[in-house]
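Below are the chains, spelled out letter by letter.
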Amino acid sequence: MRSIGHGISNKGCYNFPAWGLIVCLFIQLTSGTEAATNQTAHAVAELQLRKPAIELPPGYGSFLKDGMLWQGEVKLHGRKWWLGAAEQPHDRRSLPSQWLLFLQATDNDGSPVKGLPWFFYALGNLSLNGHAYQVAWNLDGTGSQARLRVTFVEDRPAMGELKVEGTDIRRLQLQGDRQEQLVCVEDPGPKIILPVDRYHYVQVTVGKTNSAVRFETRLFQPLEVTTTNVAILRSGGPLTNFLSVSRQGRSFRLNCQLLNGAGQTFRPLDQSDPPTFNVDLDGRTIHSDKFEFG
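I will try to describe carefully the structure that is included in this document. (Residues numbered from 1 in each chain as written. Predicted model: local features only at pLDDT ≥ 70, side-chain atom pairs only at ≥ 80, totals over all residues. Heavy atoms only, no water.)

## A word on the sheet that holds strand 9 (residues 159–165)
- The three strands lie next to each other as 12-9-15, forming an open sheet whose pairing is mixed. The open sheet is flanked by strand 12 (191–195) and strand 15 (230–234), the only strands paired with a single partner. Strand-to-strand twist in this sheet, taken as the mean axis angle between neighbours without regard to direction, amounts to 35°.
- Here strand 9 runs beside strand 12; their pairing, made up of five bridges, is antiparallel. The residue of strand 12 that forms the bridge with Gly160 is Leu194. (Pairing = 2+ DSSP bridges. Helix = DSSP H or I, 4+ residues; strand = E, 2+ residues; numbered from the N terminus. Axes fitted to C-alpha atoms, helices over the stretch in contact; angles between N-to-C directions.)

Written out as structure tokens, the structure reads:
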């Protein structure tokens, strides 16, 4: 078992916590078409290198190999998904556990829907919208004939309940102490059923596709999900814009944050259009500018 860490950190006057997916995951390599011993595959995705159809998150374009991304469709419990896999930049070994995965729902014509996909490091166990899978990998062939086969075997781990106290949550992503376990839930209700574990990383996305914001952190007190006790996650909306002003010599520093009732800071997924501000004096605008994400 191998631990992997990865993150992105920014600093500036529009303050948000360090962000980026920080997870420890495990990858299981298979031989031939074997996914798991004596188990039947629920679904198999055949990925090929092609031009990206999935919208990569900002800052992840360097994961492409010569402008190409491993991509293919997979149908999980009656729903089609577009699956992408990308090698770690400057690390071209055969399927290392640092590979990054992208999972995007498809629309009626089979194309990836607009908006950012789920993204996470290669894993061994995935719980997606209440369905648990063991995930296995096999890379066949070389060059243009190469195929990356991703096999999903339905799993039945012990399950527990998580109560979610917050509104407008679009996505919920949790990382457990079992390093190969990742949980992804779309549009969670007030309670969700998920594998038993101690979840120490949480990512909460609030809002709609064109205006989504996200909070993520390592929890000081992990969520203890058991078969007998109900764990509680307090996150999500409603959200409020908060502006603070401090003086630094002859200058003023403006700090803008988007907070929920628990004091958690959310940041926009789309950072192409940062918030703006005006400074008025006696009814006249004397300065206007944009905040910097950081």
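Following the structure, the description resumes.
## Observations regarding the pattern of salt bridges
- Applying the stated criterion across every chain yields a total of eight salt bridges.
- Two residues, Arg156 and Glu154, come together in a salt bridge whose shortest N-O distance is 4.0 Å.
- Arg156 gets classed as exposed once you look at its relative accessible area, which sits at 70%.
- Judged by relative accessible area, which is 32%, Glu154 ranks as partly exposed.
- The partner of Lys163 in a salt bridge is Glu165, with the nearest N and O atoms 3.7 Å apart.
- By relative accessible area, Glu165 is classed as partly exposed at 31%.
- The network of salt bridges with shared partners includes Glu46, Asp140 and Arg149. (Salt bridge = Lys/Arg side-chain N within 4 Å of Asp/Glu carboxyl O. Buried < 20%, exposed > 50% of the residue type's maximum accessible area, 1.4 Å probe, protein only.)

## Quick word on the packing of aromatic side chains
- Taken as a whole and assessed by the stated rule, the structure comprises five aromatic pairs.
- Each ring, one from Tyr60 and one from Phe63, has its centre 5.4 Å from the other, and the planes form 35°; the classification is tilted. Considered together, Tyr60 and Phe63 belong to a single accessibility category, that of buried residues.
- Pairwise contacts between aromatic rings join Tyr60, Phe63 and Phe119 into one cluster.
- Seen from the ring of Trp118, Arg171 lies directly overhead, with NZ or CZ sitting 4.7 Å from the centre. (Phe/Tyr/Trp six-rings, centres within 6.5 Å; stacked < 30°, edge-to-face > 60°. Lys NZ or Arg CZ within 6 Å of the ring centre and 35° of its normal.)

## As for a nonpolar patch on the surface
- Residues Leu243, Val245 and Phe252 make up a contiguous nonpolar surface patch of roughly 330 Å² in combined accessible area.
- If you trace the backbone, Val245 turns up in strand 16 (residues 239–248). (Patch = residues over 30% accessible without salt bridge, like charges linked within 9 Å, V, L, I, M, F, W, Y side chains within 5 Å. Areas by Shrake-Rupley, 256 points an atom, 1.4 Å probe, with all protein chains shown as cover.)

## A word on empty space enclosed by the protein
- A complete count under the given rule lists two cavities of 30 Å³ or more for this structure.
- In this structure, the second largest cavity occupies an estimated 60 Å³ of space.
- In terms of lining, the second largest cavity is formed by Leu83, Leu101, Leu103, Phe120, Leu123, Leu126, Val135, Trp137, Val150 and Phe152.
- In the lining of the second largest cavity, the residues fall into ten nonpolar, no polar and no charged. (1 Å grid on protein atoms, 1.4 Å probe; cavity = no way out; pocket = protein on both sides within 12 Å on 5 of 7 lines; lining within 4 Å. Points joined across faces, edges and corners; volume = space filled by probe spheres on them. Nonpolar A, V, L, I, M, F, W, Y, C, P; charged D, E, K, R; others polar.)

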